[in-house]
Amino acid sequence: MPHQSSDFEGASMSETDQAVPDSGDRGRARAAIGLCLVLAIGLAGIWLAGWTRSNYANPERFYQHDLPPAERTPAISERVVLVLIDGLRDDVARQLPQMSALARRPDSAFRRSVTGVPSLSRPGAIAVLCGSGPEQSGFPLNESGGVVGVECLFDTVADAGRTSAIGGVGEGFEARFHPPRTRVFARHRSDDVSAYVPDDPESYQLAKEALGTDASFVYLYFPDVDEESHLSGPFSPQAQDAAKTVDGFIGAIAASMDLSKQTLIVTSDHGHRDKGGHGGYEYASRRSPLLMVGKGIAGGSTGDVSQTDIAPTVAALLGVARPRHAEGMPLVGGLDVDAETAAAIRSAHEAALARKLQADLAALEGRPVSPGEVGILRKLVDEAGWARGVREAFGRVPGAIAIAAILAVSMAISGGFRREDLLGGAVAAGVFAFVIWATGWRLTISQFNVSSDEGRLTVSLIAASAVAVLVGSLLAAGVARSSGRARATFGRHVVAATSAAQGFAGILLVWMFVYYGLKYSWRLPDLRPGLATFWAMYAMGFSALAAAVLWGVSGLARRMVRKGAGSEEEGKSEAGATASGAPEGLGGTDTDASGVTRESNR
Ligand SMILES: [Zn+2]
């Protein structure tokens, strides 16, 4: 034992022999190659983050099966006016005088609709109009582009030989829905919230024009509550004023309708967090008011409904076919109809939904399946989804191994597998997560409230990456030094610890890759681990850039110190200094001081 211990000490003392792989020109070359790998992986991470985001925005439209049209049912109402108040919270809506007055009528029900996730405007409006949630419509984000491929109410109203009208200030109704037999009274308005100007009177004027047509289905859209809630929060005087203004419109619209023959439905696409913002899983973001009043509405019905139930309910009221890709069911219990009509509505909608679920099941299993009942098919679809998920995950294992191997090779070359650098990398990953958390970022897209928030996040990601690399590298170098094994420069610890940190971030990436893949079709990834992985990919990139800067600075500092030392000790070669190990130590700015001392002492 004593012999071994002296051997060990000997090893740490005579670094010249033991430290060959990491000393001198070879060590420098290896660190330089390591830095290139770290940079390449980091830039690939940033590219991958952007690529997966656009994949998420535009998933393969898996659920747009070729289906026969659904059956029509007996018409209940002459006209349905569906008003969508963007971003109106359920609790705010219940305080509004006109909506409250309408809710007190005997032919009225004030319920709550639960939105899908992401709880955003475009997916929400499509769910209301077509009965397909974000995953099914393939429009999970506001930036999701193209024409809505699932069938919507405009289509089935037209198929029944009737017409629709759209009114309000919005954007791209025609481009997105290609609505047949529909007159559109809308003005395109910018999506840029910071350039927002309230346009209430214009919204209402356009709504009145739509109401003035003889359309059976009138869809009205008011954006102001959402805009004000984003800018100042849903309880701000501005947002409350906007809500009261729209509430006034609702009162006027209801007064202009013959509610003994027609039906008014008021809802929103999503709610808002208390401090403004939506898109995530929060209760308030995912709750919308659903006020139904007039012909066909059973008074006082309560209970939460799915946002995808609204379109089938409108179809049932009008007696047109339900949108054939809709996921929801009409709120038959909330309709004031005789038993025969209720049964007819139930059977028509169940038959169409069963056909849709059968097609979902066949697509998920990749083979034809026999028809069945809605309840059984739903269960089979769930099971098929689970089995397909497992199958696909196994198929992605080789790709995951390849990603892990690339990261491991980079760590091996950069020195990231050394104990101190592994520790530095792990601490860097933790510091990154802590700084992101401490600067207020959470795993929800509701925090991207206005367009400038993404810029603030980028700043936080860069700052957190830089701090993480600095702390991790200092720790790695400090541990190496205090354990008496200091033979790499600070710059090399920077590269090694950053490579190790990329390895730790890579665990998240590999896990998400195995579980969800990088392109999406039948299933969208959960937003929480999705966001964590998304940020980890940016961290891989920004930390690599920070490492390159730190590496350069520490190298420069070392050279300057050497120059200073060199003027005292003329003719000493750089290679000799490195091989001796003494001047290397921690390397960077603070440790160069000790390097000088040692060098001049020699
Ligand atoms: Zn919205």
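For the structure itself, look to the data block above.
Notes on the structure in this doc start here. Each chain carries its own residue numbering, running from 1 in the written order of its sequence. Thresholds applied to this predicted model are a pLDDT of at least 70 for local features of residues and 80 or more for the giving and counting of side-chain atom pairs; totals over whole chains, interfaces and linings are not thresholded and use all residues.

1. Comments concerning the sheet that holds strand β7 (residues 287-294)
Part 1 of the argument: Strand order in the open sheet formed by 8 strands is β4-β3-β5-β1-β6-β7-β2-β8, and the pairing between neighbours is mixed. The open sheet terminates on both sides in strands that have one partner only, identified here as β4 (182-187) and β8 (304-306). Between one strand axis and the next, the sheet turns through 20° on average, direction left out of account.
Part 2 of the argument: The strands touched by helix α13 (residues 310-318) are β1 (79-85), β2 (108-114), β5 (217-222), β6 (262-267) and β7; relative to β1, the strand with the most contacts, the crossing angle is about 160°. Note on pairing: DSSP must find at least two bridges between two strands before they are called paired. Under the scheme used here, helices are H or I runs from DSSP no shorter than 4 residues and strands are E runs no shorter than 2 residues, and both carry numbers assigned from the N terminus. Angular values range over 0 to 180 degrees, each being the angle between N-to-C directions of two axes fitted as lines to C-alpha atoms, with helices fitted over their stretch in contact. Residues are defined as contacting one another if the C-beta atoms placed from their backbone atoms lie within 7 Å.

2. Examining the pairing of β2
Part 1 of the argument: Pairing of β2 with β7 involves 7 bridges; the strand directions are antiparallel. Across the sheet, residue R112 finds its bridge partner in β7, namely P289.
Part 2 of the argument: Strand direction decides the pairing type here: β2 and β8, joined by 3 bridges, are parallel. Within β8, the position partnered with R112 by the bridge is D304.

3. Here's the deal with the packing of helix α3 (residues 24-57) against helix α19 (residues 490-516)
Part 1 of the argument: Across the interface, α3 lies against α19 with an axial gap of 9 Å and an inter-helix angle of 35°. Taken as a pair, α3 and α19 cross one another with a handedness that is left-handed. Residue-level inspection shows G27, A31, G34, L35, V38, I41 and G42 of α3 in contact with α19, the latter providing G491, R492, V495, A496, T498, S499 and Q502.
Part 2 of the argument: Residues are grouped as follows: nonpolar covers Ala, Val, Leu, Ile, Met, Phe, Trp, Tyr, Cys and Pro; charged covers Asp, Glu, Lys and Arg; every other residue, Gly included, is treated as polar. Among the residues forming the contact of α3 with α19, the class breakdown is 6 nonpolar, 7 polar and 1 charged. Working rule for handedness: look at the near helix, and if it is turned counterclockwise from the far one by less than a right angle, call the crossing left-handed; if clockwise, right-handed.

4. Some words on the nonpolar core
Part 1 of the argument: Among buried residues, those of type Ala, Val, Leu, Ile, Met, Phe, Trp, Tyr and Cys that are joined through C-beta atoms within 7 Å form a set called a nonpolar core. Here a residue counts as buried when 20 or more other C-beta atoms sit within 10 Å of its C-beta, as exposed when there are 12 or fewer, and as partly exposed otherwise, the C-beta atoms being derived from the backbone. Within the largest apolar cluster, 89 residues are counted, with the highest numbers of intra-cluster contacts made by V83 and V314.
Part 2 of the argument: Take this core: its biggest share by element is 8 residues, from helix α12 (residues 237-256).
Part 3 of the argument: Ignoring anything within four residues of it in the chain, the contact list for V314 reads V80, L82, L153 and I265.
Part 4 of the argument: Counting residues in each nonpolar core, the second largest holds 54 residues, with L407, I413, L422 and A539 among its members.

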